[in-house]
Amino acid sequence: MKRVVVAPGDGIGPEVIPSALDVLRFFHPDWEYIPVYLGYECWKRTGDALSPKTLDTLKKADLILFGAITTPPDPKYHSVVLRIRKELDLYANLRPVFGDGFDILIVRENTEGLYSGIEWQEKDRACTLRVVSEAGTRRIARIASGCAKRRRRHLTIGNKANVLKSDSYFLEICMEEAERAGISIDKKYIDSLVLDVLSHPERYDVIVTTNIFGDILSDAVAFLQGGLGMLPSANLGRHQALFEPVHGSAPDIAGKGIANPIAAIRCVSLLLKYVGEKPFAIEVEKAIQKTLADGIKTPDLGGTATTSEVGRAILQNLISIKKEETIDL
Ligand code: NAD
């Protein structure tokens, strides 16, 4: 029995999360599901984007299924996503990207770096402090090395150590942890890394990098898998995990019912892996592949289906896969 907090958020979040929730409920109808209201719309209505009560509910969750949040460039508004990651200490952001001939896992440090939140404005300049701590780096390096050890035993460290002292430090610690784990490494400057991953994705296994570089890298690499509507992510802490699509609230398509729900449904697949139910996660992916092969796709993938049509088709395929598996004549 798990306590799952469901936070659809803003924009397309409330459009894609119902399809994901249907899939999760299919496997676990008896888990406790607690909806929460947070985000930019919540801020506009109540003056609070993340109330203390909602934060408390999130802190008590075993698992969180999260949609997306709008973050306007308004100095009075503070990012809810960054605050949740910090408050719950969800320090590791895992973003798998896979396709024909490649299978990459991006491991992004999630609580410090350029998103440290330490910022100030002076008379004629604004500053943001880029923090790379030993403890913060060691724990992300351990997660990345551990993942690589269970995969193809290779770690790429995305960095900009030629320019940034903070990245020399990040690199040094990551190398120590990789050596301890007995895996091979290579170091790559983040700018050339982005191009190389797009050109030769088959060369990569696990990539570890700092907060903003991981954010940019995973959006760019989404190109390999059909775009932002396809990529899930897991935010892991010591005792909790939050699953959210890599995409944002997509205000340009919100309300039209055409958002691709696959990233959100793949979040459920990651969640199932996280709780030790890999066979279920594989079934979800099979159902997604069957739906795509049948040509049931949202417009971002060149199709004409709506969000709920894709969601329903995936669920239906899942039910058929389960039936096939239990036929015993
Ligand atoms: P975005 O990911 O919302 O959208 C970028 C482009 O991808 C848009 O053209 C959008 O229509 C498309 N897209 C995204 N998801 C899609 C889906 N599921 N199906 C089909 N098309 C999809 O990024 P943005 O436009 O840079 O940001 C919009 C808002 O989202 C901003 O306020 C930003 O701060 C916020 N944001 C939030 C998160 C989060 O909640 N974790 C992440 C990124 C951006």
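Relevant structure appears above.
Residues numbered from 1 in each chain as written. Predicted model: local features only at pLDDT ≥ 70, side-chain atom pairs only at ≥ 80, totals over all residues. Heavy atoms only, no water.

Topic: the packing of aromatic side chains
Point 1. For the structure shown, the criterion picks out six aromatic pairs.
Point 2. Ring centres 5.2 Å apart and planes at 75° place the aromatic pair phenylalanine 26 and phenylalanine 27 in the edge-to-face group.
Point 3. Judged by its relative accessible area of 29%, phenylalanine 26 falls in the partly exposed class.
Point 4. With a centroid separation of 5.8 Å and 20° between ring planes, the pair formed by tyrosine 40 and tryptophan 43 is classed as stacked. Here tyrosine 40 and its partner tryptophan 43 are both found in helix α2 (residues 40–46), three residues apart, which amounts to about one turn of the helix.
Point 5. Residue class for tyrosine 40 comes out buried when judged on its relative accessible area of 19%. (Phe/Tyr/Trp six-rings, centres within 6.5 Å; stacked < 30°, edge-to-face > 60°. Buried < 20%, exposed > 50% of the residue type's maximum accessible area, 1.4 Å probe, protein only. Helix = DSSP H or I, 4+ residues; strand = E, 2+ residues; numbered from the N terminus.)

Section: the pairing of strand β3 (residues 63–68)
Point 1. For β3, the buried fraction is high: six of the six residues fall into the buried class.
Point 2. Sheet analysis places strand β1 (residues 3–9) next to β3, joined by five bridges and oriented parallel. Within β3, the residue paired with glycine 9 across the bridge is alanine 68.
Point 3. Where β3 lies against strand β12 (residues 241–245), three bridges are found, and the strand directions are parallel. Across the sheet, residue isoleucine 64 finds its bridge partner in β12, namely leucine 242. (Pairing = 2+ DSSP bridges.)

Some words on unusual backbone geometry
Point 1. Its identity is not glycine, yet aspartate 89 carries a phi of approximately 50°, on the positive side.
Point 2. Tracing the chain through its elements places aspartate 89 in the loop between α4 (80–87) and β4 (92–99).
Point 3. Look at arginine 153: it is not a glycine, yet its phi comes out positive at around 60°.
Point 4. Along the polypeptide, arginine 153 turns up in the loop between α5 (134–150) and β8 (154–159).
Point 5. Here arginine 153 falls in the partly exposed class, since its relative accessible area comes to 37%.

Describing the site of the ligand
Point 1. Thr71, Gly248, Ala250, Asp252 and Asn260 are the nearest of the 20 residues found near the ligand.
Point 2. Glycine 248 places a polar main-chain atom, nitrogen or oxygen, 2.7 Å from an oxygen atom of the ligand.
Point 3. With respect to the ligand, the side chain of aspartate 252 contributes an N or O atom lying 2.7 Å from an oxygen atom.
Point 4. Summarising the interface, the protein chains cover 69% of the accessible area of the ligand, which totals 810 Å² for the free molecule.
Point 5. Of the residues contributing to the shell around the ligand, the split by class is ten nonpolar, seven polar and three charged. (Near = heavy atom within 4 Å. Polar contact = N/O pair within 3.5 Å; in protein donor to acceptor, adjacent residues only side chain to side chain. Areas by Shrake-Rupley, 256 points an atom, 1.4 Å probe, with all protein chains shown as cover. Nonpolar A, V, L, I, M, F, W, Y, C, P; charged D, E, K, R; others polar.)

Brief notes about the packing of helix α1 (residues 13–27) against helix α11 (residues 307–326)
Two measures define how a pair of helices packs: the angle their axes make with one another and the distance between the axes.
Point 1. Contact geometry for α1 and α11: axes closest at 9 Å, N-to-C directions at 15°. In this view, α1 runs roughly parallel relative to α11, as classed from their interaxial angle. Like other packed secondary-structure pairs, α1 and α11 cross with a definite hand, here right-handed. When α1 is examined against α11, the residues Glu15, Val16, Ser19, Asp22, Val23, Phe26 and Phe27 are found in contact with a partner set consisting of Thr307, Gly311, Leu315, Leu318, Ile319 and Lys322.
Point 2. Here the residues of the contact of α1 with α11 sort into seven nonpolar, three polar and three charged. (Axes fitted to C-alpha atoms, helices over the stretch in contact; angles between N-to-C directions. Parallel < 35°, antiparallel > 145°, perpendicular 65-115°, else oblique. Left-handed = near helix turned anticlockwise from the far one by under 90°. Contact = heavy atoms within 4.5 Å.)

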